[in-house]
Amino acid sequence: MKINKERLTKEAEKIEKILVRKQNKKGYEFEFQNVDAYDQILMSMGAPSTNAIEKIFTINQLVHINSAMDKGLIEICDFYNQNSNIIQLGLNNYEKILRKDDILAMTPTYELKNITFPMFKDLLFEYYSQYGNNIYKIVKKYVDEGRIQLGDTLDPTASGMFFGSNLTKSGYITVLKNKKLTLYTLSVLVHELGHAIDSETLHFPQGKNINLLSDIFVEVPSIHFEIGFLDFLMKNNINPNDAHALLDSMYQELSFYSQSFDKLCNLDEFYINDGGYVTNKDDKLIDYDGNEINEPELDENDDCCLETQKAMDVTELLKYGLGMYIAMQSNELASQDRKAYIKDLLNFTTQRKESSFIESLQRLGISEEQFTSASILEPRIQKELTYTKKMWNFK
């Protein structure tokens, strides 16, 4: 799968022309990262830089964009302050259920099987067909129109990325592919297609300019589809051990977020810098183990900084940790009839900025009591742990 360079070039030029006309109108700040992403992916395909950012955005506008990003962080902090007790209680109870039998911590590294490219495509289409024609059409369009690339991603730390614009209906996806093609690669693509579905059913048709930095629930639809895909594999006995191993890794990842969030909630005093990282009163970064680390010196030769990766990121804790916890519950509720439940999921996504936290959960059919007790997940976790024991011959 490769991105259609000609289509991408035309859409990048279209976005640039619209933004030149709308330079002084509200909403352009949400397109800054989109313009940059289009330019970066074109350059990775051998095209020269369009220099679109320099053409479109003045210095004053760039200052305004930074202000919009700061506002997004403030909104995240407000959300944390209003809902941290509820979130902490839910994640703590999840952790208790998971640790009743600490089997996942003892499982060795599992090597996923290779899959063929025809199988890769067939599974993708078969899985999304159960959600109805509208969802299926979006997925098929991304494949048929060359909107997916397996290879490198724009961010070397990311396994996959979706990027698009509110000015065009469809975007593009890049998925990191190692030498082997496995179900992990496909699960990442399913995740990113969840973002594409979210974009086409929310941002474009409703014309919503949502500050993604403050969009707490941005990962819920994508993780919902990703976990649903693993369930699809298990139900149809397609490389079931691979699917269970991938689900187990998600349980462990959520455990990491749960423990990190617990540490954040229990800090006597903390601050958040303009990058969203947690600092102490001396402006020292705090890592996910609660230890102080020095602010890293940027090295222009490094693609990313190891110290920054270690730093506790409150936006990551909320978007991925909370998003995963909610999506695991919504997936259980959807398991009986995914086509019917998609209405609840779309209702949740389209109303998420206008609703309170509890109202948003209720749109998915999750009550406050169910969220804080993790009761929806408990039977599934116990079932998964039983399978893992058999899989590894643990007694």
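Relevant structure appears above.
On a predicted model such as this, the values are computed, not experimentally measured, just so you know. (Residues numbered from 1 in each chain as written. Predicted model: local features only at pLDDT ≥ 70, side-chain atom pairs only at ≥ 80, totals over all residues. Heavy atoms only, no water.)

This part is about the overall build of the protein. Within the protein, the secondary structure is distributed over 15 helices and seven strands. Counting the 395 residues in the protein, one finds 51% classified as buried. A total of about 19100 Å² of accessible surface is found on the protein, and carbon and sulfur atoms cover 47% of it. (Helix = DSSP H or I, 4+ residues; strand = E, 2+ residues; numbered from the N terminus. Buried < 20%, exposed > 50% of the residue type's maximum accessible area, 1.4 Å probe, protein only. Areas by Shrake-Rupley, 256 points an atom, 1.4 Å probe, with all protein chains shown as cover.)

So, about the side chain of Asp231. Checked against the element boundaries, Asp231 lands in helix α8 (residues 220-235). Polar side-chain contacts of Asp231 include one of 3.5 Å to the side chain of Arg338. Separated by 2.5 Å, the side chains of Asp231 and Arg380 make a polar contact. Discounting chain neighbours no more than four positions away, the residues touching Asp231 are Asn331, Glu332, Arg338 and Arg380. (Polar contact = N/O pair within 3.5 Å; in protein donor to acceptor, adjacent residues only side chain to side chain. Contact = heavy atoms within 4.5 Å.)

Under the definition given, this model contains 22 aromatic pairs. On the numbers, 6.2 Å between centres and 90° between planes, the contact of Phe79 with Phe217 is edge-to-face. Residue Phe79 is located in helix α4 (residues 59-98), and its partner Phe217 is located in the loop between α7 (183-206) and α8; the two are separated by 138 residues in the primary sequence. There is no split in this pair, since Phe79 and Phe217 are both buried. An angle of 55° between the planes, with centres 5.6 Å apart, marks the rings of Tyr127 and Phe232 as tilted. Here the residue Tyr127 occupies a position in helix α5 (residues 117-129), and Phe232 occupies one in helix α8, the gap between them amounting to 105 residues. For the pair shown, Tyr127 and Phe232 are each scored as buried. An aromatic cluster of at least three residues, connected via ring pairs, comprises Phe79, Tyr94, Phe217, Tyr325, Phe348, Phe357 and Phe371. (Phe/Tyr/Trp six-rings, centres within 6.5 Å; stacked < 30°, edge-to-face > 60°.)

This brings us to the layout of surface pockets. As a volume, the second largest pocket reaches approximately 410 Å³. Taken together, 18 residues line the second largest pocket, and the ones lying closest to its centre are Asp231, Lys235, Ser335, Arg338 and Arg380. Counting residues per element, the ones that place at least two in the lining of the second largest pocket are α8, α12 (338-351) and α15 (378-391). It is α8 that contributes the most residues to the lining of the second largest pocket, five residues altogether. A breakdown of the residues in the lining of the second largest pocket according to their chemical character gives three nonpolar, six polar and nine charged. (1 Å grid on protein atoms, 1.4 Å probe; cavity = no way out; pocket = protein on both sides within 12 Å on 5 of 7 lines; lining within 4 Å. Points joined across faces, edges and corners; volume = space filled by probe spheres on them. Nonpolar A, V, L, I, M, F, W, Y, C, P; charged D, E, K, R; others polar.)

As for its position among the elements, Phe270 is in the loop between α9 (240-265) and β4 (271-272). With a relative accessible area of 22%, Phe270 lands in the partly exposed category. In the structure, Phe270 is positioned 13 residues away from Asp283 in sequence and 9.2 Å away in space, judged by C-alpha atoms. Residues contacting Phe270, with those up to four places away along its chain left out, are Tyr80, Leu264, Val278 and Thr279.

Following the criterion strictly, the structure yields two cavities of 30 Å³ or more and no others. Computed from the structure, the second largest cavity encloses a volume of approximately 50 Å³. As for the second largest cavity, its lining consists of Ile227, Leu247, Tyr251, Met328, Asn331, Glu332, Leu377 and Arg380. Counting only elements with at least two residues in the lining of the second largest cavity, the list comes to α9 and α11 (314-334). Tallied by class, residues from the lining of the second largest cavity come to five nonpolar, one polar and two charged.

Before going further, it helps to examine the pairing of strand β1 (residues 148-151). The alternating pattern of β1 places Ile148 and Leu150 on one face and Gln149 and Gly151 on the opposite face, and all of these are buried. Relative to strand β3 (residues 172-176), β1 runs parallel, the two being bridged by four bridges. For Leu150, the partnering residue across the bridge sits in β3 and is Val175. (Pairing = 2+ DSSP bridges.)

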